Amino acid sequence: HALSTIFTWAPETTIVQLTSLSNIYGLASLGCGLFMGLTSIEIIRRRCFEVFYYSHFVFLGFFIFGVLHNLKFLPYLGVAFS
């Protein structure tokens, strides 16, 4: 989702549209996910296991920023719409 947005939608928009709050939350979620993914590379995981282990707490940021990016994910938090 992020790569397709960056390469197709971003070049056609203005800086104001790129810095909307929803896009900033999406980039923060992407950053958290990339950090978790990079720490799961075998050489980092084996040499710096504590970094690998504690990086999984970044999932909370990944999830929260993902929900803030698109509110359609609120039901995954247990919030029911009436």
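Structure: above.
Residues numbered from 1 in each chain as written. Predicted model: local features only at pLDDT ≥ 70, side-chain atom pairs only at ≥ 80, totals over all residues. Heavy atoms only, no water.

Draft legend 1. Spatial organisation of the overall build of the chain. For the chain, the helix and strand inventory stands at six helices and zero strands. If you list the helices and strands of the chain from N to C, you get α-α-α-α-α-α. Across the 82 residues that make up the chain, the buried fraction comes to 17%. Accessible area of the chain: about 6500 Å², with a carbon and sulfur share of 72%. (Helix = DSSP H or I, 4+ residues; strand = E, 2+ residues; numbered from the N terminus. Buried < 20%, exposed > 50% of the residue type's maximum accessible area, 1.4 Å probe, protein only. Areas by Shrake-Rupley, 256 points an atom, 1.4 Å probe, with all protein chains shown as cover.)

Draft legend 2. Layout of helix α6 (residues 59-69). Turning to α6, its buried residues are G61, G66 and V67. Buried residues along α6 sit in contact with α3 (21-39). (Contact = heavy atoms within 4.5 Å.)

Draft legend 3. Quick look at the side chain of T39. As for its placement among the helices and strands, T39 is situated in helix α3. A polar contact is formed between the side chain of T39 and the side chain of S55, at a distance of 2.8 Å. (Polar contact = N/O pair within 3.5 Å; in protein donor to acceptor, adjacent residues only side chain to side chain.)

Draft legend 4. Local environment of the pattern of salt bridges. Scanning the model with the defined rule gives one salt bridge in all. The residue E42 makes a salt bridge to R46 at a minimum N-O spacing of 2.8 Å. Of the two residues, E42 and R46 both sit in helix α4 (residues 42-47), four residues apart, roughly one turn of that helix. Judged by its relative accessible area of 44%, E42 is partly exposed. Classification of R46 as exposed rests on a relative accessible area of 62%. (Salt bridge = Lys/Arg side-chain N within 4 Å of Asp/Glu carboxyl O.)

Functional significance is not addressed by these values, which are geometric in nature.
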